[in-house]
Amino acid sequence: MIVCPNCAHVNPAGALTCEACFSPLPQILHTNCPSCGAEVQPGARFCGSCGFDLQQESQPVQVSTEAATPEPSEEVPEPVATPLPDDETDLRSRAPARTQLQQISACLIHVQTETRIELPTSVQVIHIGKPNNLIPPDIDVSGFPDSDIVSRVHGDIRYEGDAFYFEDTGSSNGTYINNVPLPPGNRHRLRAGDRIALGKGDKVSFVFKMG
Amino acid sequence: MRAEITYRLSDPYVDAAQKNSQRQLALTIAAVSQGNEGRVPLNLCLILDRSGSMGGEPLDNVRQAACRLVDALDCRDRLSVIAFDHRPTVVVPNQTVERPESIKEQIQGLRAAGGTCIDEGLRLGLEEWAKGKHQTIGQVFLLTDGENEHGSNERCLKFAQLAAEYNVTLHTLGFGDAWNQDVLEKIADAGGGTMVHIQYPDQAAEEFQWLLRRVQSVGLTDAHLELQMAPNARLAEFKPIAQVAPDTIELVTQTEGNRVRARLGDLMVGVERAVLVNFYIDATSSRVLPGSTPDRQVVGTVQVTYTDPQRPGATLASEGLAVEIQAIAEHRPQMDEEVQGRVLALAKYRQTQLAEAKLQQGDSAGAATLLQTAAKTALQMGDTNAATVLQSSATRLQTGTVLSDAERKQTRIASKTVLRSE
Ligand SMILES: [Zn+2]
Ligand SMILES: [Zn+2]
C-alpha cells in the first residue's frame, strides 16, 4: 500500500505512478538497523528499536524507481563490527561523534526501555511517529513496546532559538505532557525533566533532557 | 476504410525477476482510407438554445454561424435544425442540403424568448435526426448558454446514452460563461463527442467550422475497444482505462474477468484516438498467453470492432494485436517519451478534477496546490496554453479569490484537451 503524497489515494503495492492522479509515487525500500536489525525507514535518523544513530553510519538510502521487494543479499549494509552492549544504558557511551561543536544538546530517554535518543539541533523539525509514506518519521517508535497506540504521524519536536517545542500533529490517541493532555496544534516548550507520553496510559513515554 | 491500432508501452522492458511491475499501455486507433473512397454523407442535427438570454448579439452570431455551416455542407449531406427554449420546435426538418438558401432563410427566422429545457431540445433533435439515419454519419451539435432550469440533467444524460446506442455522436457547445460545464461534459463524454467553449459570440462561426471539419473526417463509427489481458497481468484497481486524445474522457467499461470492452465511438481519418491502459504484470509467472516466450511475453490482445457507414449492417473488426513486453535481467527503467506524454495528459486531467473536488468541499488551498501541480504537468507535456490557464487559476485561489464562471470553463477545457493556439 502506497499513499499518494499528491492526492492521498491509496495505491496497491507495486504502483510506481498513482492510479488516481498519475503523479510519480515515492518508492521506499526499508533498510535495516545495522545495530539491532530492526526495519527502519530510509532517512530516519534514529532506530526506533535501539536508538542507534543511523546517520552516523551514513548508510546508503535505497530509493528505487522500480517497485521491488528488498533483496537482503545485496541491500543490507555491512553489520557493524562493535558488538551490542549488554546493558542498553551503555548506548550512552556510543553517542555519535559530532562533526560540529554544539552548544546545546538534548535527548529523549524512552522511559520503558531506558533508550536514549539524541535530538539533532541541525534541523528545525523532528517528526515522531511510525513508518508511513506521507511524513516519514525521524524518530521511529514502531520498535518500542505498545507502539500501537502511537499514530504514524504523531507529533513534532521543533527546535527554534535554542528552545525545543513539542506539538501534536493530529495523533489519534493524543499526547500528554506531565500527564496533562496537549491539545492538537498547541505547542509546549520543553523543559528538562518534562515527561512526554504518546497516546493514553503513559505506555510510550519519554523524558526530555538538556545539556 | 479500415481501423488501425498501434501500441506503445511506458517501458518496453520489464525485469524478468519482478512479480509486480506497473506499466501503461498507450493504444492509438484511427480510420485509414484504402484508396479512392468517397465521403459518406453527414446527417447533422443542430440543436440551438434560443432562450431569452440568447437575445441580441449571441443569437445573431449563432444564426450566422449556422448559415455558414449550411454553406460548407455538401448537397448530399442531410441537415435538421431544432430550436429550444423551455419547449423545442423544428426549425429545419431533416432534409438533404439541396436548397441551401431556403434552409438559411428558415434559420434567419429564429427569435430569442423563453426559458431553457435542454432535454426537450435533445429529445426532439434525436427524433428529427433519426428520419435520415441510413447510410449517413450521424452527428448532433447541441448549443446552450445556460443552466437547464426547466429540464432535468439526468434526462439529458439518458438521451446522450441513447444517442450512443443509436450510433449518433453528440457534441456540446457552451456559449458564453453561464452554462454548466459538468452537465455539458457528461453529455459529450456519454455521446462520444467533443465539448467546445464559445466564450465570445463572434467565435461561434469559427468553432462551428472547426467541429464540422472534425466530423467530416469521421470514417468509421460505433467503434469499441476489446482488450483481453494475459493471466499474469491485471488492470489497475482505479479507473484503469481512459481516452487521452483528442480529448481526455474517463471511458465507461464493461469488465468480465480479464476482458474489457469500452465504446470509442467515431474513428477519424487523420485524428487519432489514444487510449491509456494502466496495468501490472508478473514477469515471473508461467501463466502466460499463447505466443509468449520467456523473454517476450504477451501482456494482452487488443481488437477494435466498428461499423463502416458504406457497408451498413455489418459489424467489422480489426485484426487482433498482441501487446508484447520484453522480460530482461537487471532491468533499468527506459521510459517511452510518447507514452509519457499520454500519461501526462491524463495526469493533467485527473489533477484538475481532484482540484475541483477540493474546491467543492471548500478547500481552496488544497485546490490551488493541485491546480499548480496540474499546471506543472501541462508544462511538462509541452502544453503551455493549458499551463498558463491552470497556473492563473491556481494563483487566483491562492490570493483568496474565487474562480469566475469563465475561469472555471477555461480550466475544465484546458485540462481535457490540448488547447488550440489562436
Ligand atoms: Zn495521486
Ligand atoms: Zn536498532
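Since the structure is predicted, the reported quantities are computational estimates derived from the model, not experimental observations.

**Thoughts on the overall build of chain B**
Alright, step 1. The number of helices and strands found in chain B is 10 helices and 19 strands.
Alright, step 2. In terms of its C-alpha atoms, chain B occupies a principal-axis envelope of roughly 70 × 60 × 35 Å.
Alright, step 3. Out of the 422 residues belonging to chain B, those deemed buried represent 57%.
Alright, step 4. Considering only contacts in chain B between residues 6 or more positions apart, those separated by 24 or more positions represent 76%.
Alright, step 5. By element, 48% of the accessible surface of chain B is carried by carbon and sulfur atoms, the whole surface being about 17,500 Å².
Alright, step 6. A gap of 2 Å separates the mean positions of the 43 positive and 53 negative side-chain charges of chain B.

**Here's the deal with unusual backbone geometry**
Alright, step 1. Along the chain, B:A245 connects to B:P246 via a cis peptide bond; the corresponding omega equals 0°.
Alright, step 2. As for its placement among the helices and strands, B:P246 is situated in the loop between β12 (241–245) and β13 (249–250).
Alright, step 3. At A:N179, a residue that is not glycine, the phi angle is positive and equals roughly 70°.
Alright, step 4. Within the secondary structure layout, A:N179 lies in the loop between β11 (175–177) and β12 (180–181).
Alright, step 5. A positive phi is found at B:D222, a non-glycine position, where the angle reads about 50°.
Alright, step 6. Mapped onto the elements, B:D222 comes out in strand β10 (residues 218–229).

**A few points about the interface of chain A and chain B**
Alright, step 1. Listed by partner, the interface residues are 18 residues for chain A and 23 residues for chain B.
Alright, step 2. Across the interface of chain A and chain B, roughly 1,600 Å² is buried in total on both sides, 50% from carbon and sulfur atoms.
Alright, step 3. Here the side of chain A that touches chain B is built from residues that sort into 10 nonpolar, 6 polar and 2 charged.

**Describing the packing of helix α3 (residues 118–129) of chain B against helix α4 (residues 153–165) of chain B**
All names here are of chain B.
Alright, step 1. The geometry of α3 relative to α4 is characterised by a closest axis approach of 8 Å and an angle of 20° between their N-to-C directions. Judged by the angle between their axes, α3 and α4 are roughly parallel. Regarding α3 and α4, the two cross each other, and that crossing is left-handed. In this structure, α3 contributes I118, D119, E120, L122, R123 and L126 to the contact, and α4 contributes R155, C156, F159 and A163.
Alright, step 2. Tallied by class, the residues present in the contact of α3 with α4 amount to 6 nonpolar, no polar and 4 charged.

**Points about the domain arrangement of chain B**
All names here are of chain B.
Alright, step 1. Its domain assignment divides chain B into domain 1 (2–32 + 220–337), domain 2 (42–218) and domain 3 (338–416).
Alright, step 2. Of note, the centres of domain 2 and domain 3, computed from C-alpha atoms alone, are 29 Å apart.
Alright, step 3. In this complex, domain 2 contributes 11 residues to the contact, which on the side of domain 3 involves 10 residues.
Alright, step 4. When the two sides are added together, the surface that domain 2 and domain 3 hide from each other amounts to roughly 960 Å², 48% of it contributed by carbon and sulfur.
Alright, step 5. Applying the counting rule to domain 2 against domain 3 returns 4 salt bridges.

**Looking at the packing of aromatic side chains**
Alright, step 1. This structure, assessed with the given rule, holds 5 aromatic pairs over all chains.
Alright, step 2. Ring geometry for A:Y159 against A:F164: centres 4.7 Å apart, planes inclined by 35°, an arrangement best described as tilted.
Alright, step 3. A relative accessible area of 0% places A:F164 in the buried class.
Alright, step 4. Through pairs of rings, three or more aromatic residues link up here, namely A:Y159, A:F164 and A:F208.
Alright, step 5. B:R234 extends its terminal NZ or CZ atom over the ring of B:Y280, reaching a point 4.3 Å from the ring centre.

**Remarks on the coordination of the zinc ion (ligand 1)**
All names here are of chain A.
Alright, step 1. At this site the zinc ion (ligand 1) is bound by C4 (SG), C7 (SG), C18 (SG) and C21 (SG), with donor distances of 2.3 to 2.4 Å.
Alright, step 2. Of note, the zinc ion (ligand 1) draws all its donor residues from one chain, in the sequence arrangement C-x2-C-x10-C-x2-C. Accessibility classification places C18 together with C21 in one group, the buried group.

**Observations regarding the pairing of strand β6 (residues 115–119) of chain A**
Residue and element names in this part refer to chain A.
Alright, step 1. Along β6, 4 of the 5 residues are buried, which leaves the element largely enclosed by surrounding structure.
Alright, step 2. Pairing of strand β5 (residues 106–110) with β6, which is carried by 5 bridges, proceeds in the antiparallel orientation. Across the sheet, the residue bridging to H110 is T115, located in β6.
Alright, step 3. Remark: 4 residues form the turn of the hairpin made by β5 and β6, two consecutive strands paired antiparallel; E114 in that turn has positive phi of roughly 55°.

**Things to note about the confidence of the model for chain A**
Alright, step 1. Predicted confidence across chain A gives a mean pLDDT of 74, with 70% of residues reaching 70 or more.
Alright, step 2. By mean pLDDT, helix α1 (residues 72–75) of chain A is the weakest element of chain A at 40, and strand β14 (residues 195–198) of chain A is the strongest at 94.

**Focus: the environment of B:I103**
All names here are of chain B.
Alright, step 1. Within the secondary structure, I103 sits in helix α2 (residues 100–108).
Alright, step 2. A relative accessible area of 0% places I103 in the buried class.
Alright, step 3. In this structure the C-alpha to C-alpha distance between I103 and Q351, which are 248 residues apart in sequence, comes to 45 Å.
Alright, step 4. Leaving out residues up to four positions away in the same chain, I103 has contacts with V70, L79, V92, Q95, T96 and V97.

**Thoughts on the pattern of salt bridges**
All names here are of chain B.
Alright, step 1. Within the structure shown, the criterion is met by 30 salt bridges over all chains.
Alright, step 2. R50 is the partner of D85 in a salt bridge, and the nearest nitrogen-oxygen pair spans 3.0 Å. Of the two residues, D85 sits in the loop between β5 (78–84) and β6 (88–96) while R50 sits in the loop between β4 (42–49) and α1 (57–72), which places them 35 residues apart along the sequence. In terms of burial, D85 and R50 fall into one category: buried.

**Some remarks on the sheet that holds strand β13 (residues 187–189) of chain A**
Hydrogen bonds between backbone atoms are what pair the strands of a sheet, whose relative direction is either parallel or antiparallel.
Residue and element names in this part refer to chain A.
Alright, step 1. As summarised here, the arrangement of the 5 strands in space is β8-β7-β9-β10-β13, forming an open sheet in which the pairing is mixed. Every interior strand has two partners, whereas the edge strands, β8 (139–140) and β13, have only one.
Alright, step 2. In terms of strand pairing, strand β9 (residues 153–160) meets strand β10 (residues 163–168) through 6 bridges, oriented antiparallel. Residue pairing in the sheet places Y159 in a bridge with F164 of β10.

**As for the environment of B:R50**
Residues and elements named next belong to chain B.
Alright, step 1. Put simply, R50 and A112 are 62 residues apart on the chain and 4.8 Å apart in space, counted from C-alpha to C-alpha.
Alright, step 2. Among all residues touching R50, those that are not within four sequence positions of it are L59, A83, F84, D85, T89, L110, R111, A112 and A113.
Alright, step 3. At 3.0 Å, the side chain of R50 and the side chain of D85 are in polar contact.

Definitions and limits used
Residues numbered from 1 in each chain as written. Chains lettered and ligands numbered in written order. Predicted model: local features only at pLDDT ≥ 70, side-chain atom pairs only at ≥ 80, totals over all residues. Heavy atoms only, no water. Helix = DSSP H or I, 4+ residues; strand = E, 2+ residues; numbered from the N terminus. Buried < 20%, exposed > 50% of the residue type's maximum accessible area, 1.4 Å probe, protein only. Contact = heavy atoms within 4.5 Å. Areas by Shrake-Rupley, 256 points an atom, 1.4 Å probe, with all protein chains shown as cover. Lys, Arg positive; Asp, Glu negative; His and termini not counted. Charge placed at Lys NZ, Arg CZ, Asp CG, Glu CD. Buried area = accessible area lost by both parts, 1.4 Å probe. Nonpolar A, V, L, I, M, F, W, Y, C, P; charged D, E, K, R; others polar. Axes fitted to C-alpha atoms, helices over the stretch in contact; angles between N-to-C directions. Parallel < 35°, antiparallel > 145°, perpendicular 65-115°, else oblique. Left-handed = near helix turned anticlockwise from the far one by under 90°. Domains from an automatic or database assignment. Salt bridge = Lys/Arg side-chain N within 4 Å of Asp/Glu carboxyl O. Phe/Tyr/Trp six-rings, centres within 6.5 Å; stacked < 30°, edge-to-face > 60°. Lys NZ or Arg CZ within 6 Å of the ring centre and 35° of its normal. Donors = N, O, S within 2.8 Å, 3.2 Å for Na, K, Ca; no water. Pairing = 2+ DSSP bridges. pLDDT = per-residue confidence, 0-100. Polar contact = N/O pair within 3.5 Å; in protein donor to acceptor, adjacent residues only side chain to side chain.

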